[in-house]
Amino acid sequence: MIAPSQLSAPSATIAADTAADVDWQAVVVGAGPAGAATAWRLAAQGVRTLLIDRHAFPRAKVCGCCLSSRAVRELELLAPDALPAAAVRLDAVRLAHRGRWARISLPAGRVVSRDLLDGHLVGHAISAGCHWLPGVHVSAVADDAHEQTARVTCSGDAATTGRGPHALRAGFVILAAGLADHVRITNGSASGAEPARHIATESRIGVGGILPADACDLPDGELVMAVGRAGYCGLVRLEDGRIDVAAAFDRAAIARSTAPGQAIAALLADAGASACPLPDTDAVLAAAFRVTPPLTRHAPLVAGAARRILRVGDAAGYVEPFTGEGIGWAMTAARILSGALVAPLGLRSPAEAAHHYHAAHTRVFGRLHARCSLVAAGLRRPAVVAAAITAARALPLAARMVAPVVIGSESRRASACAS
Ligand SMILES: Cc1cc2nc3c(=O)[nH]c(=O)nc-3n(C[C@H](O)[C@H](O)[C@H](O)COP(=O)(O)OP(=O)(O)OC[C@H]3O[C@@H](n4cnc5c(N)ncnc54)[C@H](O)[C@@H]3O)c2cc1C
């Protein structure tokens, strides 16, 4: 057994050409929280599992790095040490808009960088018996009802040898490729590729980056949430002192900016509250930011002629950040999916597994999605945000209701203090 603490940047446990000779019971594409948690759970139940990511770890990921109480609970369900020990307590959110702000205390959240969290989860999955193949891009999955297994086509340096790109055989293929899921699915028929994702026309896009520790006086354990006309932006100090910046923007606002950093600086100035510890413009303009594909989307949970392809996490759907979904949801979906795949006597048939997964996912996430969409709509309305700040400053009870919504905490015991 390998101690997970030694594996925050785990290296491959198998070569691509060796992996191509194995009959995998499950191939998991994407090693974010959804994929790593699914692979971990499957491997722990004795399922022969391969986890693939197109990147070597650690890799950059646009994310606010705040763990909701749901995410913390999901990690606790996985193992007592699934939450990295270095994670910082998240005690409060400071909501800033049009020069005003309110500070709301929060229960049970944590802050942890994605570098640390994602590598840590992959390390645990490896310890549970899963094989790990980083640096391999999955371009297509073919699921033909006349074949015994699905066929996963890989590319990238680590996947290509003298024999050309590798194809892997898998009983199930779990697509956990996040917002960047461009895996082409074919079902073996003449009708060609299956329809993939639907992206909402009003979808915002994500922007994220890391600032140096001295970029502003942000205290540990406090999320600053700056809401402007073009979107909103969260800033939080990571376990190593650096400051994580993550934002959701109207696409037009990014198109108008010369660079994503300029859009962030403009948004912070727009939301600006002098008593909020926001970084100065120079620090923001000097940082490197990454931009995501459009955020608001959904894709079929189950695909393939033989129902062997299942989506989990952001690959299955996403609304907007800071509305209550994210890492916690990805890990809940991973738990539901592994429960649907594995019955007490072994792996279910694809048709049975797909049925169980679809039913459980719809039951758990239907209501949550509706709430998230409402929050996303509220964050686009200045009057709603201003009213939330006024309520948080004046009424602790109202703030207790705002707090779970802002960071997706489900505890109703948030205590509020406005300043
Ligand atoms: C601006 C912003 C802020 C956010 N803030 C928070 C927050 O504070 N808290 C929170 O809980 N959530 C937050 N989220 C949401 C959170 O980041 C995601 O919900 C979460 O990462 C989903 O996990 P996942 O495993 O589904 O996907 P990801 O974490 O995106 O992982 C997908 C993986 O798949 C790999 N991959 C993609 N395509 C391929 C391919 N073809 N072949 C092989 N590998 C592939 C990628 O390299 C990646 O490692 C935020 C999101 C955004 C955009």
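Remember, it's a predicted structure, so these values are computed and weren't measured experimentally.

> Describe the pairing of strand S5 (residues 100–111), listing the residues and the values that go with them.
The side chains of a regular strand alternate, first on one face of the sheet and then on the other. With 9 of 12 residues buried, S5 lies mostly within the body of the structure. Where strand S3 (residues 66–67) and S5 come together, 2 bridges link them in antiparallel fashion. Note that in S5 the partner of leucine 67 across the bridge is arginine 110. In textbook terms, the turn of a hairpin is the stretch between consecutive antiparallel strands, and for strand S4 (residues 88–97) and S5 this stretch comprises 2 residues, one of which, arginine 98, has a positive phi near 50°.

> Give me the sheet that holds strand S17 (residues 243–249): which residues, what numbers.
Strand order in the open sheet formed by 8 strands is S3-S5-S4-S15-S16-S17-S14-S18, and the pairing between neighbours is mixed. Two strands lie at the open edges of the sheet, namely S3 and strand S18 (289–294), each paired on one side alone. Sitting on the sheet, helix H3 (residues 69–78) touches S3 and S5, and the angle it makes with S5 is about 5°.

> Before we move on, could you go through the environment of isoleucine 104 and cite the residues and values that matter?
With respect to the element layout, isoleucine 104 can be found in strand S5. Classification of isoleucine 104 by C-beta neighbours within 10 Å gives buried; the count is 29. Sequence spacing of isoleucine 104 and aspartate 91 is 13 residues, and the spatial spacing of their C-alpha atoms is 8.5 Å.

> Please give an account of the environment of alanine 269 that cites residues and values.
Looking at the element boundaries, alanine 269 is found in helix H6 (residues 260–271). Along the sequence, alanine 269 and glycine 228 sit 41 residues apart, while their C-alpha atoms lie 8.4 Å from each other.

> Would you mind going over the site of the ligand in detail, with residue names and values included?
Around the ligand, the surrounding shell holds 44 residues, and the nearest of these are Gly32, Gly64, Gly178, Gly313 and Gly326. Listed by contribution, the elements that provide at least two residues to the shell around the ligand are helix H2 (33–44), strand S2 (49–53), strand S7 (137–142), strand S14 (205–211), S17 and helix H8 (327–341). Of the residues contributing to the shell around the ligand, the split by class is 24 nonpolar, 14 polar and 6 charged. Composition of the shell around the ligand by domain shows at least three residues from each of domain 1 (4–61 + 116–200 + 296–373) and domain 2 (66–112 + 204–294 + 381–407).

> Summarise the sheet that holds strand S22 (residues 317–318); cite the residues concerned and give the values.
Spatially, S13-S19-S22 is the arrangement adopted by the 3 strands of the open sheet, whose pairing is antiparallel. Edge strands, defined here as strands with exactly one partner in the open sheet, are strand S13 (198–199) and S22. Here S13 runs beside strand S19 (residues 297–298); their pairing, made up of 2 bridges, is antiparallel. Bridging across to S19, isoleucine 199 finds its partner in arginine 297.

> Hey, could you go over H3 for me, with residue numbers and the actual values?
Buried residues dominate H3, accounting for 7 of its 10 residues. Looking at H3, one finds that the buried residues are Ser69, Arg70, Ala71, Val72, Glu74, Leu75 and Leu78. For H3, the elements touching its buried residues are H2, S3, S5 and H8.

> Please set out unusual backbone geometry residue by residue, giving values where relevant.
The omega torsion across phenylalanine 57 and proline 58 is 0°, close enough to zero to call that bond cis. With respect to the element layout, proline 58 can be found in the loop between S2 and S3. Of note in the backbone geometry, cysteine 65 takes a positive phi value of approximately 65° without being a glycine. As for its placement among the helices and strands, cysteine 65 is situated in the loop between S2 and S3. Backbone geometry at arginine 307 places phi at a positive 60°, although glycine is not the residue there. One can find arginine 307 in the loop between strand S20 (302–303) and strand S21 (309–311). Here arginine 307 falls in the buried class, since 20 other C-beta atoms lie within 10 Å of it.

About the thresholds
Residues numbered from 1 in each chain as written. Predicted model: local features only at pLDDT ≥ 70, side-chain atom pairs only at ≥ 80, totals over all residues. Buried ≥ 20, exposed ≤ 12 C-beta atoms within 10 Å, placed from the backbone. Helix = DSSP H or I, 4+ residues; strand = E, 2+ residues; numbered from the N terminus. Pairing = 2+ DSSP bridges. Contact = placed C-beta atoms within 7 Å. Axes fitted to C-alpha atoms, helices over the stretch in contact; angles between N-to-C directions. Near = placed C-beta within 6 Å. Nonpolar A, V, L, I, M, F, W, Y, C, P; charged D, E, K, R; others polar. Domains from an automatic or database assignment.

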